[in-house]
Amino acid sequence: MIGLRLCQPQGCYLPSMEFQCRWHVERISLDQVDRLEASVLWYTEGKGETDLGVAAFQRLDRDAVLRASGRGFLQTQLPASPLSYEGRLLRVRWCVRLRLFLLDGREIVAQQPFYLGALTRDV
Amino acid sequence: MVELPRLWSKKRGSRLLMQYTAGAVGEALYYAVLFLLGVLALSIAVARAFSVDDLSQLRIGYGFWLTLIASLSLIGLGGGNLAYRILRISASGERRAALVGRAEQLAVGGRPALPLGTLPCVPVPASLIDSPGTHLAYRLPEIESPSRALGAGAILALAWNGLWLVLAVVACEQWLTGRRQWLLLIVLVPLGAIAWRAARHFLELLRQHAGVGPTIVEVSDLPLVGGRQYRGYLSQLGRLRLKSLTVALTCEEEATYRQGTDVRVERAQVFETVLWNGSRLSIDPGTPFEQEFALAIPAGVMHSFQSPHHAVRWLIVVRAESRGWPSFCRSFPVVVHPPVAPEAASR
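Residues numbered from 1 in each chain as written. Chains lettered and ligands numbered in written order. Predicted model: local features only at pLDDT ≥ 70, side-chain atom pairs only at ≥ 80, totals over all residues. Heavy atoms only, no water.

Engineer: Sorry, what's going on with the overall build of chain B here?
Structural biologist: Within chain B, the regular secondary structure consists of seven helices and 13 strands. A buried classification covers 41% of the 347 residues belonging to chain B. For chain B, long-range pairs separated by at least 24 residues make up 72% of all intrachain contacts whose partners lie at least 6 apart in sequence. In the form shown here, chain B has an accessible surface area of approximately 19400 Å², with 60% of it arising from carbon and sulfur atoms. (Helix = DSSP H or I, 4+ residues; strand = E, 2+ residues; numbered from the N terminus. Buried < 20%, exposed > 50% of the residue type's maximum accessible area, 1.4 Å probe, protein only. Contact = heavy atoms within 4.5 Å. Areas by Shrake-Rupley, 256 points an atom, 1.4 Å probe, with all protein chains shown as cover.)

Engineer: Help me understand the overall build of chain A in this model?
Structural biologist: Within chain A, the regular secondary structure consists of one helix and nine strands. When each of the 123 residues of chain A is scored for burial, the buried share is 49%. Within chain A, contacts between residues separated by at least 24 positions form 64% of all contacts whose residues are at least 6 apart in sequence. Within the structure as shown, chain A displays about 6200 Å² of accessible surface, and the carbon and sulfur contribution to it stands at 44%.

Engineer: What exactly am I supposed to notice about the side chain of E218 of chain B here?
Structural biologist: All names here are of chain B. Looking at where E218 falls in the secondary structure, it is placed in strand β4 (residues 212-219). A polar atom in the side chain of E218 sits 2.9 Å from the backbone nitrogen of L136. With residues up to four places along the chain from it excluded, the contact list for E218 reads G133, T134, H135, L136, Y138, R139, R231, G232 and Y233. (Polar contact = N/O pair within 3.5 Å; in protein donor to acceptor, adjacent residues only side chain to side chain.)

Engineer: What exactly am I supposed to notice about the pairing of strand β9 (residues 107-116) of chain A here?
Structural biologist: On any regular strand, side chains alternate: one points to one face of the sheet, the next to the other face. All names here are of chain A. Looking at chain direction, strand β2 (residues 12-13) and β9 are connected through two bridges and run parallel. Bridge pairing in β9 links C12 to Y115. Pairing geometry for strand β8 (residues 90-102) and β9, over eight bridges, is antiparallel. Residue pairing for β9: C95 is matched across the bridge by P113. (Pairing = 2+ DSSP bridges.)

Structure, rendered in structure tokens:
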């Protein structure tokens, strides 16, 4: 299991703001971990195929995860766009996503959504 | 008072005492007829020259070559001038001049590089800011130019009518020489009906676009930012009697998706606000209708967005309901940027 905690309590960020988040691996023996990927990304939802863009990406191999005792810190500067959006045909969502690859081939994914921008819910 | 059509006309300063629409349509029709005459003459010459049973008896004299040159000249003259007239109908003088100026720039040293922002997923307004306006800073391009539809209609009508004429000449030649091919005569009937429909469609488009002149929209700044005020300018050319003319700012979403083997595009308008509205307007060819309007981008709206399968587009839409002519709606894209965060602005 993976725990994710955003450093901004409300989960709302302004464009170009500094993004920070902490993660930790729980209830899984670190000996089983092959590698871990952390990314800050946006994706589209709604009608049509999903589009995805990555603002920050971090990849930790087995040794790095073991050295960090299964805990980590992700820090990046958010881009100025695209802003989070709730439309009729499409929604733009931001999230931080952690993907844990185990030695037996399994993958465990955890993600924490957040909101980028002020108000784009009406339009 | 109803104006009577005149054969002759003269200019008085910037005023033109003539029916602009009738002149433009008349010129286009004249060159279309020249083109068709050329096709007819060419097909008659070719059919006469090659309508021999034994190719060894084939004789091609000076008359054939003379007819060939004359008919090809008619085709070139008619087709070329028709294309030019169509372009003239669908673009203003300033627009054509800007196009020529741009072509000269490209020919000399290429287009100068423009300083553009690098916002992810926000369309770059390069194609919008390379056309300066006469009243405000930027003249916006129209999304779908009417000249395309008009050009396509002209090509279809001329090609189909030309083909039908060639087949008709062949059929007549065979009929006169006693070799009657009933199948060809039967096929000529539906082909003729299609040719008639294509010609009618082209004439309808010509009438529509010759009367409704170009629409020009300019804005004071680009890209636009939510929460800020700008100025806009509208100019409508042509000879029109409008019941209403509306300028609106709209936002639409677009999603592209596959359904089986088809690629489908769905659009939804999510925002619209009227920027300016006028009614009972009379526009003459010599004096285009001009109107400035306030362009306020609401705060907290979604910026222009473009990803491989989705888009959020902002448009300035000009809608007109006219008397005598078909109503029209023309869209001009603008790019709306997200507001700059205080931290980013101070950096």
